[in-house]
Amino acid sequence: MSAPPVVAVIGAGAAGLATLKALADARVPAVCFEAGDSVGGLWVFGTAGSPAYRTLHLNTSKARTQFADHPMPAHWPDYPDHTRVAGWLGDYADRFGLRESIRLRHVVDRVVPETGGRWQVHADTPDGPVRVTVDAVVVANGHNRVPKTPELPTGTVRQMHSHAYRGPEQLAGRRVLVVGGGNSAMDIAVDASYAAARTLLSLRRGVWVVPKYLLGRPSDTLNGALARRLPWRLRQRISQRMLTAAVGPPQRYGLPAPGHGFLQDHPTLSDGLLSRLTHGEIEVRPGVTGFDGDTVTFTDGRSDDIDLVIWCTGYRVEVPFLDPALLGDGADTLPLYRHVFHPDVPGLTFVGLMQSTGAAFPLLEAQARLVAAHLAGTYALPDPTRQHADIRAELRAAVDRWGERRPAMRVDFDAYLGLLGRELTAGARRAARGEGVRFAGAPVRP
């Protein structure tokens with residue numbers, strides 16, 4: 001039996017840690033490069049590059065978020081805060097002995113393919129540049145690190161992206177405009193409604209706002225129960241009616257009507273938003289058209305004076321250390337088999353390059369197991385023609401459901417988790433029969 005490959009994992013957030021654990025289970029040696037000075041990625045409040053803010057909590061329940069082999073403590077609340085989550089990820093690294101494989105403060109700046117299928121990883125470190133040659137690369141650096149801000153002059157108004165938001169003290173006494181309809185926007189708007197002199201919330205399009213509890217249970221557990229039995233379009237009708245019966249339509253709160261059905265975008269979860277709207281502490285506005293001095297104008301012709309605009313407008317998906325030729329039209333449109341494997345570049349895989357309708361951690365864990373099994377030689381991919389055909393079919397289905405909002409990255413939490421389980425089984429059968437595409441550097445098993 002030949003030696004297993006040596007793998008470079010880039011990033012020691014949840015995706016990188018899950019990958020290291022899966023590789024260790026498969027007895028595949030790995031080295032992990034982490035730009036920060038601790039593990040945990042975006043959940044580590046106050047570290048460079050982290051978008052965490054003081055009031056950040058999970059927006060998916062712990063039962064649907066935890067790793068299968070590392071549950072969150074039973075006495076925790078259903079929606080723990082960032083401090084608990086970061087500590088839990090650190091405990092995960094300790095429990096499974098992952099830290100010895102992690103090189104902190106190693107900023108990867110280039111990953112270069114070599115002839116013969118190997119890769120060179122170049123990183124800057126406090127002690128100078130380093131270069132490591134490996135057999136395979138797992139990109140697990142996350143995609144919430146490069147803020148996306150509209151190209152819109154803001155006059156004299158102070159502005160920041162939600163990436164730079166840390167806590168309500170930044171909002172105290174200000175007239176604040178929050179722009180966006182995602183979870184961060186709702187959290188920050190609620191914070192502002194208690195700390196700021198005035199709070200405006202601007203949305204270009206409607207969103208479905210889901211309370212964190214429905215029928216006395218964490219709301220995502222209800223949809224999970226339906227997902228095991230029903231196709232998504234039927235789940236959509238049932239969930240949408242349940243939500244409307246429980247809290248009413250978004251228009252009831254002054255929010256714009258969603259232009260898409262429930263489950264056709266990432267859900268926006270908030271317990272506080274609807275309450276603060278009904279108390280008049282948050283005022284809803286449509287999209288922004290421009291700024292003049294400290295005055296902002298909206299698409300309906302209204303204008304307001306503000307002191308601070310917070311752009312909760314998402315992030316650009318970037319993998320700056322890879323040659324753009326490997327990414328095609330961009331990382332957010334990269335066609336990957338099962339959202340993991342580059343169909344044309346053996347040895348290049350991705351964990352976490354997706355946007356889920358629910359939690360991320362269990363999906364990262366399942367993706368990591370696929371990668372580890374492939375590199376260990378126990379999972380074989382379909383032939384490239386089949387891979388490309390499946391990628392095209394999945395993209396067509398994603399466009400039909402989610403439209404043009406990053407369809408290549410979109411996954412339905414429950415459906416995708418089930419698909420990855422079936423894929424692991426099918427790939428193991430291909431490998432056992434000597435069919436499909438095995439990783440060239442995998443050990444030869446008798």
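Scroll up a little and you will see the structure.
Residues numbered from 1 in each chain as written. Predicted model: local features only at pLDDT ≥ 70, side-chain atom pairs only at ≥ 80, totals over all residues. Heavy atoms only, no water.

A. Here's a closer look at helix α3 (residues 82–95). A rise of 1.5 Å per residue sets the reference length of α3, with its 14 residues, at 20 Å; its end C-alpha atoms lie 20 Å apart and thus fit the reference within 8%. Taken together, the buried positions of α3 are occupied by H82, V85, A86, W88, L89, G90, Y92 and A93. Its buried side turned inward, α3 meets α1 (14–25) and α8 (361–376). Where α3 ends, the next residue or the one after it, G97, has phi of about 65°, a positive value. (Helix = DSSP H or I, 4+ residues; strand = E, 2+ residues; numbered from the N terminus. Expected span 1.5 Å × (residues − 1). Buried < 20%, exposed > 50% of the residue type's maximum accessible area, 1.4 Å probe, protein only. Contact = heavy atoms within 4.5 Å.)

B. Examining the packing of aromatic side chains more closely. On inspection of all chains with the given rule, the structure shows 10 aromatic pairs. Between F67 and Y92, the aromatic rings sit 4.6 Å apart at their centres with planes inclined by 35°, giving tilted as the arrangement. Note that F67 is positioned in the loop between α2 (62–65) and α3 and Y92 in helix α3, a separation of 25 residues in sequence. Here the two residues F67 and Y92 agree in accessibility, since each one is buried. Plain terms: the ring middles of W208 and F262 are 6.4 Å apart, the flat faces sit at 80° to each other, and that makes the pair edge-to-face. With W208 in the loop between β11 (198–202) and β12 (209–210) and F262 in the loop between α6 (232–247) and β15 (268–269), the pair connects residues that are 54 residues apart, well separated along the chain. You'll find W208 and F262 in the same group, each marked buried. Put simply, the rings of F67, W88, Y92, F96 and F361 pair up and form one aromatic cluster. The ring of F96 carries K21 above its face, with NZ or CZ at 4.5 Å from the centroid. (Phe/Tyr/Trp six-rings, centres within 6.5 Å; stacked < 30°, edge-to-face > 60°. Lys NZ or Arg CZ within 6 Å of the ring centre and 35° of its normal.)

C. Molecular detail of the sheet that holds strand β19 (residues 303–305). Judged by pairing direction, the sheet is antiparallel, and its three strands sit side by side in the order β17-β18-β19 without closing on themselves. Strand pairing shows two members of the sheet lacking a second neighbour, β17 (288–292) and β19, which therefore form its edges. Each neighbouring strand pair of the sheet contributes to a mean axis angle of 25°, computed without reference to strand direction. Judged from the three bridges that link them, strand β18 (residues 295–298) and β19 form a sheet pairing that is antiparallel. If you follow V296 over to β19, its bridge partner there is D304. (Pairing = 2+ DSSP bridges. Axes fitted to C-alpha atoms, helices over the stretch in contact; angles between N-to-C directions.)

D. Spatial organisation of the packing of α1 against α8. At a closest axis distance of 8 Å, the pairing of α1 and α8 adopts a crossing angle of 40°. Accordingly, the angle class assigned to the pair α1 and α8 is oblique. Handedness of the crossing formed by α1 with α8: right-handed. In this structure, α1 contributes A14, A15, A18, T19, A22 and L23 to the contact, and α8 contributes F361, L364, E365, A368, R369, A372 and L375. Counted by class, the contact of α1 with α8 contains 10 nonpolar, one polar and two charged residues. (Parallel < 35°, antiparallel > 145°, perpendicular 65-115°, else oblique. Left-handed = near helix turned anticlockwise from the far one by under 90°. Nonpolar A, V, L, I, M, F, W, Y, C, P; charged D, E, K, R; others polar.)

E. Main features of the pairing of strand β20 (residues 308–311). Here β20 shows two buried faces, one formed by L308 and I310 and the other by V309 and W311. Where strand β9 (residues 158–161) and β20 come together, four bridges link them in parallel fashion. Bridge pairing in β20 links H161 to W311. Note that strand β10 (residues 175–179) and β20 share four bridges and pair parallel.

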